[in-house]
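Reading the structure
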Amino acid sequence: MAWPKWIKVLACAILLVIAVLIAQTAAGPVGQNVSPMVAGSILLCFVGLVVLARYMVVSETSITSAGIRQTWLGRREVAWKDIQFAKFIPLLASKRLICFTARGRPVVFQAGTRELEIAFARIALVYRRRR
């Protein structure tokens, strides 16, 4: 898993609260005075949040002999030979591994399990020493 279970549950709960608030506002007297363009943009933003939450729920990070890969909106992957430096960032919501490569911007991977967190920390140690 790329995201911890409690983050997934929290994201879904927040989406549910937002959906209820949108429905209550649309059904009430205030909702009758809202411009259709504003209502459409609010619904479009909500749909975007639903898509992001769905990818958070189904996203997976895998470490293989070829490198690191994570499914997300687009596929994130980096080969071992391309990594020049790696940094483990233990944030509250998600533990992250930032891999710096020679050919562009860094690639960020999330760890949703304790095993991935440990593996990320070890990878960061190995690539810190190589520098």
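Higher on the page you've got the structure.
A brief report on the enclosed structure follows. Keep in mind the model is a prediction, meaning the values are calculated, not measured.

What counts, and where the lines are drawn
- Residues numbered from 1 in each chain as written.
- Predicted model: local features only at pLDDT ≥ 70, side-chain atom pairs only at ≥ 80, totals over all residues.
- Heavy atoms only, no water.
- Salt bridge = Lys/Arg side-chain N within 4 Å of Asp/Glu carboxyl O.
- Helix = DSSP H or I, 4+ residues; strand = E, 2+ residues; numbered from the N terminus.
- Core = buried A, V, L, I, M, F, W, Y, C linked by side-chain atoms within 4.5 Å.
- Buried < 20%, exposed > 50% of the residue type's maximum accessible area, 1.4 Å probe, protein only.
- Contact = heavy atoms within 4.5 Å.
- Pairing = 2+ DSSP bridges.
- Phe/Tyr/Trp six-rings, centres within 6.5 Å; stacked < 30°, edge-to-face > 60°.
- Patch = residues over 30% accessible without salt bridge, like charges linked within 9 Å, V, L, I, M, F, W, Y side chains within 5 Å.
- Areas by Shrake-Rupley, 256 points an atom, 1.4 Å probe, with all protein chains shown as cover.

A few words now on the pattern of salt bridges. The tally for this structure, following the rule as stated, stands at two salt bridges. Taking the shortest distance from any N to any O, the salt bridge between R103 and D82 comes out at 3.0 Å. Of this pair, R103 sits in the loop between β5 (95-101) and β6 (107-111) while D82 sits in the loop between β3 (76-79) and β4 (83-90), placing them 21 residues apart in sequence. Residue E117 pairs with R114 through a salt bridge whose shortest N-O separation is 3.2 Å.

Right, let's talk about the nonpolar core for a bit. Core analysis: the largest hydrophobic core is formed by 14 residues, its most contacted members being I68, L97, C99, F109, F120 and I123. Listed by contribution, the elements that provide at least two residues to this core are β4, β5, β6 and α4 (114-129). Considering every element that reaches this core, the biggest residue donor is α4, with five residues. Those residues in contact with F109 that sit more than four places away from it in its chain are I68, R69, Q70, R76, E77, V78, K95, R96, L97, C99 and F120. With five residues, the next largest nonpolar core counts A2, W3, M56 and W72 among its residues.

Glancing now at the pairing of β3. Of the strand pairs in this sheet, strand β2 (residues 67-70) and β3 are connected by four bridges, and their pairing is antiparallel. Directly across from R69, in β3, lies its bridge partner E77. Connecting β2 to the antiparallel partner β3 that follows it, the hairpin turn spans five residues.

Looking now at the packing of aromatic side chains. Going through the model one piece at a time under the given rule, you end up with four aromatic pairs. Considering the side-chain rings of W3 and W72, the 6.1 Å spacing of their centres and the 40 degrees angle between planes classify their relative orientation as tilted. Remark: W72 occurs in the loop between β2 and β3 and W3 occurs in the segment before α1 (5-27); sequence separation between them is 69 residues. Owing to a relative accessible area of 9%, W3 belongs among the buried residues under this scheme. On the accessibility criterion, W72 (17% relative accessible area) is buried. Ring-pair connections join several aromatic residues into one group, and the members of that group are W3, Y55 and W72.

Taken together, the side chains of V47, L49, V51, L52 and L73 make up a nonpolar region of the molecular surface, amounting to roughly 400 Å² of accessible area. With respect to the helices, strands and loops of the structure, L73 is situated in the loop between β2 and β3.

Side-chain positions along a regular strand alternate between the two faces of the sheet. As paired elements, β4 and β5 share seven bridges and run antiparallel to each other. Bridged to F88 within β5 is L97. Sheet topology places β5 next to β6; five bridges connect them, and they run antiparallel. Each residue of the ladder has a partner; that of R96, found in β6, is Q110.

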